[in-house]
Amino acid sequence: EDQVTQSPEALRLQEGESSSLNCSYTVSGLRGLFWYRQDPGKGPEFLFTLYSAGEEKEKERLKATLTKKESFLHITAPKPEDSATYLCAVPNPYNTDKLIFGTGTRLQVFP
Amino acid sequence: NAGVTQTPKFQVLKTGQSMTLQCAQDMNHEYMSWYRQDPGMGLRLIHYSVGAGITDQGEVPNGYNVSRSTTEDFPLRLLSAAPSQTSVYFCASSIGQGLDYTFGSGTRLTVV
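Now for a quick tour of the structure. (Residues numbered from 1 in each chain as written. Chains lettered and ligands numbered in written order. Predicted model: local features only at pLDDT ≥ 70, side-chain atom pairs only at ≥ 80, totals over all residues. Heavy atoms only, no water.)

**Section: the overall build of chain A**
Cut-off, in case you're wondering: Strands here mean DSSP runs of E at least two residues long; helices mean DSSP runs of H or I at least four residues long; both are numbered from the N terminus. Taken over C-alpha atoms, the radius of gyration is set against a globule rule of 2.2 Å times the number of residues to the power 0.38. A simple rule labels every residue: compare its accessible area, found with a 1.4 Å probe on the protein chains alone, to the largest value its type can have, and call it buried under 20%, exposed over 50%, or partly exposed in between. Only heavy atoms enter the contact rule, under which two residues are in contact if any of them lie within 4.5 Å. Surface accessibility in these figures is a Shrake-Rupley result with a 1.4 Å probe; residues are shielded only by whichever protein chains are displayed.
A tally of regular secondary structure across chain A gives zero helices and 11 strands. From first element to last, N terminus to C terminus, chain A shows the α and β order β-β-β-β-β-β-β-β-β-β-β. At 13 Å, chain A has a C-alpha radius of gyration in line with the 13 Å of a compact globule built from 111 residues. Summarising its shape, the C-alpha atoms of chain A cover approximately 45 × 30 × 20 Å along the three principal directions. When the 111 residues of chain A are sorted by exposure, 48% land in the buried category. Sequence separation of 24 or more characterises 54% of the internal contacts of chain A that already satisfy a separation of 6 or more. On chain A, roughly 5,400 Å² of surface is accessible, and the fraction owed to carbon and sulfur atoms is 46%.

Have a look at this one:
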């Protein structure tokens, strides 16, 4: 079964304490991996798309990387405003019109 | 602001009632989707559309109906609401296959 698994479920960091979030997938023939940020009471907001192993993308304190089996979202020197739930998703390999989402990592950054 | 607009933001229904969740986008996106989000289960695809007049089922379509008469609008109809349909519903749109989606702000639905 094609699956997307995110870990940890929740992460508490002190401001400035860098860490990484993991997204592992079992789909064959990956056709992209998406990272989204979701704030409470709001819809997911697009962050990055990665298409091939070795690819990296950066935005402010966030850097996303991709291997053949997983993706990491690295957060460098986080600030309280980085607190949110981070979601990853991959297209269904049999129908790329459908996205398969992980359950997310809830990040809390304390001052 | 351009984007995906969902109405209403909150709704309470009684079991057996029907209603329509509205979704409109002004970005001329061909692809539109409806997801539901439940605690611990992530976002699950209900129905999607790849263009006006074309719709298809996602992974949890039972109890829901959609139509796509225009590029801009993609309403989701609950035929006979059940407590199991209590959830947060998100509409999303994309310019093309395999590309990132823009999400609306969601509709929180409670069925009692």
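**Some words on the nonpolar core**
Nonpolar side chains in soluble globular proteins tend to be buried together. What counts is decided by this rule: Nonpolar core, defined: a set of buried Ala, Val, Leu, Ile, Met, Phe, Trp, Tyr and Cys residues in which side-chain atoms within 4.5 Å join the residues together.
Counting residues in hydrophobic clusters, the biggest one holds 24 residues, and the most contacted among them are Leu 33, Trp 35, Leu 73 and Tyr 86 of chain A. At the level of secondary structure, the elements contributing two or more residues to this core comprise β2 (10-14), β3 (19-25), β4 (33-38), β5 (45-50), β7 (62-66), β8 (70-75), β9 (84-92) and β11 (105-110) of chain A. The element contributing the most residues to this core is β9 of chain A, with four residues. In this view, Tyr 86 of chain A contacts Gln 6, Leu 21, Trp 35, Tyr 36, Arg 37, Leu 47, Leu 62, Leu 73, Gly 104, Thr 105 and Leu 107 of chain A; residues no more than four positions away in its chain are not counted. Residues Leu 13, Met 19, Ile 46 and Leu 78 of chain B belong to the second largest nonpolar core, which totals 19 residues.

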